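Here is how the chains run, residue by residue.
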Amino acid sequence: MACLLEAPLRISVLSEVTATSRHYVDRLFDPDPQKVLQGVIDMKNAVIGNNKQKANLIVLGAVPRLLYLLQQSSSSLELRTECAIVLGSLAMGTENNIKSLVDCHIIPALLQGLLCPDLIFIEACLRCLRTVFISPVTPVQLLYTDPTVIPHLMSLLSRSEKTQEYITQIFSHCCKTPEHQTVLFNHGAIQNIAPLLISPSYKVRMQALKCFSVLAYENTQVSLTLVNVLVDGETLSQVFAKMMQRDQPIEMQLTAAKCLTYMCRAGAIRTDDSCIVLKTLPCLVRMCSKDHLLEERVEGAETLAYLMEPDVELQRIASTTDHLVTMLADYFKYPSSVSAITDIKRLDHDLKHAHELRQAAFKLYASLGSNDEDIRKKITETENMMDRIVSGLSESSIKVRLAAVRCLHSLSRSVQQLRTSFHDHAVWKPLMKLLQNAPDEVLVMASSTLCNLLLEFSPSKEPILESGVIELLCSLTQSDSPALRVNGIWALMNMAFQADQKVKVEIIRCLGTEQLFRLLSDPDTNVLMKTLGLLRNLLSTRPHIDQIMSSHGKQIMQAVTLILEAEHSIEVKEQTLCILANIADGNTAKELIMTNDDILQKVKYYMGHSNVKLQLAATFCVSTLIWNEEDGSQERQDKLREMGFVDILHKLTQSSDSNLSDRAKTAMQQYLA
């Protein structure tokens, strides 16, 4: 019998809760304003800390009625304020609550409320707006829809500490794009927020600081302005440096370090400035230590990686500060076996942050090792480091995979590591697996790494070749992403360098001449340069040159002509002339140049060009064509003499550039021999 009674009992409890909630909503419609006010106050007390009650009231339609009362000019100020407080409390619930509030157009209603002169009502509206805007489900664009909102919020900053705290918090959460930064900057965010950095209220100082970190991120205009701002006689750099002192709360130290990092990366502060070298960098290294919370260690490592990414000197300083390289190894030890046994809550926390820790460590290792050989060696010799990177490549988290391959790419710039660690751990295998099916950002990094593994001195080159990589790389050259096209063709270029005939034929077969010539007219200069590099590597050693030119000579000569005629950079033209010089070195291939007067005139033109690099490349091509020891050299010499080449060569022997005059003299000697 008990079983039968159980279900009806649950229903009656539920209907009782709903009935109670319904009673709260009904009171909002009472004709007596005093009873409505009391109803709102009772509702406020009922929902505090009670998510179920909040959800019920939303479902029963409390929100539209509360918003109606809030917006009515006939409502008393007290009632309007209490409505804003209840709405703020409902917003403190779940993400679904926030979605419901946003769908009921709470944001425009509250923004309208800010036009009221009453400070207590304004603070209640701002508190609710703050709660709504800091939720990840709220579209931040809603803050920028009406152009009068930002200037009005700026004008409210001076009203009270609470308006300062809430408004700066709203700004820091709603500044997500360069456009947002510009809007806030243009409405005087810097002048209005800077004085808040010395507010007596910690919350205000902290939110102002967070505001500056999001405003300065990758923004040169903001960063250059911040450098010149004075607060109470001190520059912002000095204010931020004080906020990084060890006696300040960690959150403040970290955010101040972020501000200086972003200003430095945006070019407003030099990397050798003492506030970076002696304050920001040591502060961020400190954040990576075991003494800090996992979240702080993640943020510290990621910010440090970003700070020193382009600067080798900072990388060297960081690598010798507080044993950073070995300290980071600890990031891979979560969740620890101890936490699993002793504390389920701790295990849950560790698991949640384990991915983020590994991602941050890989990012920081990538940044540390991007230039210096000794640092790379130190990283690879850290306990089980290569194994950790290899397992990172196949992790479930895409962010960890990306960070691991970024780290691998950084280390792959080392000849030493390619010959040792990379070979010992057969890194190419998981890398190839990663290339089979990955999002573009992972593909870009993985294919960049593969380019390095295919360099001629890398022991991984042979096994990669045998694994059928050519097809994969050829497919990358057809990508819509210029970065992937570059990497695909770059890897093929490295593969073709001093390769045997079989590999070269396979590259041409797999790529197809149509695609090769499509790449030679690619709008991206990097793609074009690497394609020319590939062609130059394919056309090396005589038998290879003659074989390739016999089957594809007509199209290659056509492509060369088009490039030499078009508007291209000096580098592109130089590479193209070098290809011609390679063709000129073939036994039969050179005839394709000698029988093409148009090409010969172009070579002659570039011999007289104002750029020495082009003159050198063109002169080398001529020198190869008229080389005495080759069959038919006399006829070629005679033809070029008739076309006026000798006169130009004679002039070039007088060149002020010693390389060019030497090369011209070498060519002239062929005529004298």
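Everything numeric in this text was worked out from a predicted model, so none of it was measured. (Residues numbered from 1 in each chain as written. Predicted model: local features only at pLDDT ≥ 70, side-chain atom pairs only at ≥ 80, totals over all residues. Heavy atoms only, no water.)

A.B. asks: Honestly, the nonpolar core in this entry has me stumped. Any pointers?
C.D. replies: Side chains that are nonpolar tend, in soluble globular proteins, to be buried together. Within the largest apolar cluster, 242 residues are counted, with the highest numbers of intra-cluster contacts made by Phe240, Leu368 and Leu580. Ignoring any residue separated from it by four or fewer positions in sequence, one finds Leu580 in contact with Met557, Val560, Leu564, Ile593, Ile599, Val603 and Cys621. (Core = buried A, V, L, I, M, F, W, Y, C linked by side-chain atoms within 4.5 Å. Buried < 20%, exposed > 50% of the residue type's maximum accessible area, 1.4 Å probe, protein only. Contact = heavy atoms within 4.5 Å.)

A.B. asks: What is the right way to read the UniProt feature "repeat: ARM" (unreviewed entry) in the protein from this model?
C.D. replies: Per the UniProt record, "repeat: ARM" (unreviewed entry) is annotated on residues 61–97 and 511–553. Taken as a whole, residues 61–97 contains 76% helix and 0% strand, while its terminal C-alpha atoms sit 12 Å from one another. For the annotated span residues 511–553, helix accounts for 79% and strand for 0% of the residues, and the straight-line distance between the end C-alpha atoms is 16 Å. (UniProt positions renumbered as here; feature names shortened; annotations may be inferred. Helix = DSSP H or I, 4+ residues; strand = E, 2+ residues; numbered from the N terminus.)

A.B. asks: Teacher, can you tell me more about unusual backbone geometry here?
C.D. replies: Negative phi is the rule for most residues except glycine; trans is the rule for most peptide bonds. Within the chain, Asp322 stands out as a residue other than glycine whose phi angle is a positive 50°. A positive phi is found at Gln498, a non-glycine position, where the angle reads about 50°. With respect to the helices and strands, the residue Gln498 is situated in the loop between helix 32 (482–496) and helix 33 (501–511). Relative accessible area serves as the criterion here: at 63%, Gln498 is assigned to the exposed category.

A.B. asks: Can you walk me through the side chain of Gln53 in this structure?
C.D. replies: Here Gln53 shows up in helix 3 (residues 51–59). A polar contact is formed between the side chain of Gln53 and the side chain of Ser21, at a distance of 2.6 Å. When sequence neighbours within four positions are dropped, the list of residues in contact with Gln53 reads Ser21, Tyr24, Ala46 and Val47. (Polar contact = N/O pair within 3.5 Å; in protein donor to acceptor, adjacent residues only side chain to side chain.)

A.B. asks: Quick question: what am I supposed to make of the pattern of salt bridges here?
C.D. replies: Think of it this way: side chains of opposite charge can pair up when their charged atoms draw near. Considering all chains together, one arrives at 26 salt bridges under this definition. For the salt bridge of Arg27 with Asp42, the shortest nitrogen-to-oxygen distance reads 2.7 Å. Separated by 15 residues along the polypeptide, Arg27 in helix 1 (residues 2–27) and Asp42 in helix 2 (residues 33–47) bring together distant segments of the chain. What makes Arg27 partly exposed here is its relative accessible area of 21%. The class for Asp42 is partly exposed, based on a relative accessible area of 23%. A salt bridge links Asp272 to Arg270; its shortest N-O distance comes to 2.7 Å. The class of Asp272 is partly exposed, set by a relative accessible area of 48%. If you follow the salt bridges from partner to partner, you end up with Lys290, Arg297 and Asp330 in one network. (Salt bridge = Lys/Arg side-chain N within 4 Å of Asp/Glu carboxyl O.)

A.B. asks: When you look at the confidence of the model for the protein in this model, what are you seeing that I'm missing?
C.D. replies: Note: predicted coordinates in regions of low pLDDT should not be interpreted at a detailed level. Residues of the protein with pLDDT of at least 70 account for 96%, and the chain-wide mean is 92. For residues 1–16, every residue scores under 50 in pLDDT, and the model assigns this stretch zero contacts once sequence neighbours within four places are set aside. (pLDDT = per-residue confidence, 0-100.)

A.B. asks: When you look at the packing of helix 35 (residues 525–538) against helix 37 (residues 570–584) in this model, what are you seeing that I'm missing?
C.D. replies: Two quantities define a packed helix pair, namely the angle between the axes and the distance from one axis to the other. Where helix 35 contacts helix 37, the two axes come as close as 9 Å, and the packing angle between them is 15°. The angle between helix 35 and helix 37 places the two elements in the roughly parallel class. For the crossing formed where helix 35 meets helix 37, the hand is left-handed. Every residue of helix 37 that contacts helix 35 at Thr525, Leu528, Met529, Leu532, Gly533, Leu535 and Arg536 is listed here: Glu571, Val572, Gln575, Thr576, Cys578, Ile579 and Asn582. The class makeup of the residues in the contact of helix 35 with helix 37 is seven nonpolar, five polar and two charged. (Axes fitted to C-alpha atoms, helices over the stretch in contact; angles between N-to-C directions. Parallel < 35°, antiparallel > 145°, perpendicular 65-115°, else oblique. Left-handed = near helix turned anticlockwise from the far one by under 90°. Nonpolar A, V, L, I, M, F, W, Y, C, P; charged D, E, K, R; others polar.)

A.B. asks: Could you clarify how one ought to interpret the packing of aromatic side chains in this entry?
C.D. replies: How two aromatic rings sit relative to each other is given by the distance of their centres and the angle of their planes. Tallied over the entire structure, the rule returns six aromatic pairs. Ring geometry for Tyr605 against Tyr606: centres 4.9 Å apart, planes inclined by 75°, an arrangement best described as edge-to-face. By relative accessible area, which is 51% here, Tyr605 ends up exposed. Look at Tyr606 and you get buried, because its relative accessible area is 4%. Each residue in the set Tyr217, Tyr262 and Tyr306 is aromatic and connected to the rest through ring pairs, giving one cluster. Geometry around Tyr306 places Arg265 over its ring, the cationic atom sitting 4.3 Å from the centre. For the cation-ring pair, Lys530 lies above Trp490, with the distance from its terminal atom to the ring centre recorded as 4.4 Å. (Phe/Tyr/Trp six-rings, centres within 6.5 Å; stacked < 30°, edge-to-face > 60°. Lys NZ or Arg CZ within 6 Å of the ring centre and 35° of its normal.)

A.B. asks: Honestly, the layout of surface pockets in this entry has me stumped. Any pointers?
C.D. replies: To find leftover empty space, one rolls a probe the size of a water molecule over the atoms. Looking at the largest pocket, its volume works out to about 1300 Å³. Contributing to the lining of the largest pocket are 40 residues, with Tyr217, Lys258, Tyr262, Glu302 and Thr303 lying nearest its centre. When residues of the lining of the largest pocket are traced back to their parent elements, those giving at least two are helix 10 (161–174), helix 11 (178–186), helix 13 (202–216), helix 16 (250–265), helix 18 (294–308), helix 22 (344–368) and helix 25 (398–411). For the lining of the largest pocket, the leading source of residues is helix 18, giving seven residues. Tallied by class, residues from the lining of the largest pocket come to 13 nonpolar, 15 polar and twelve charged. (1 Å grid on protein atoms, 1.4 Å probe; cavity = no way out; pocket = protein on both sides within 12 Å on 5 of 7 lines; lining within 4 Å. Points joined across faces, edges and corners; volume = space filled by probe spheres on them.)

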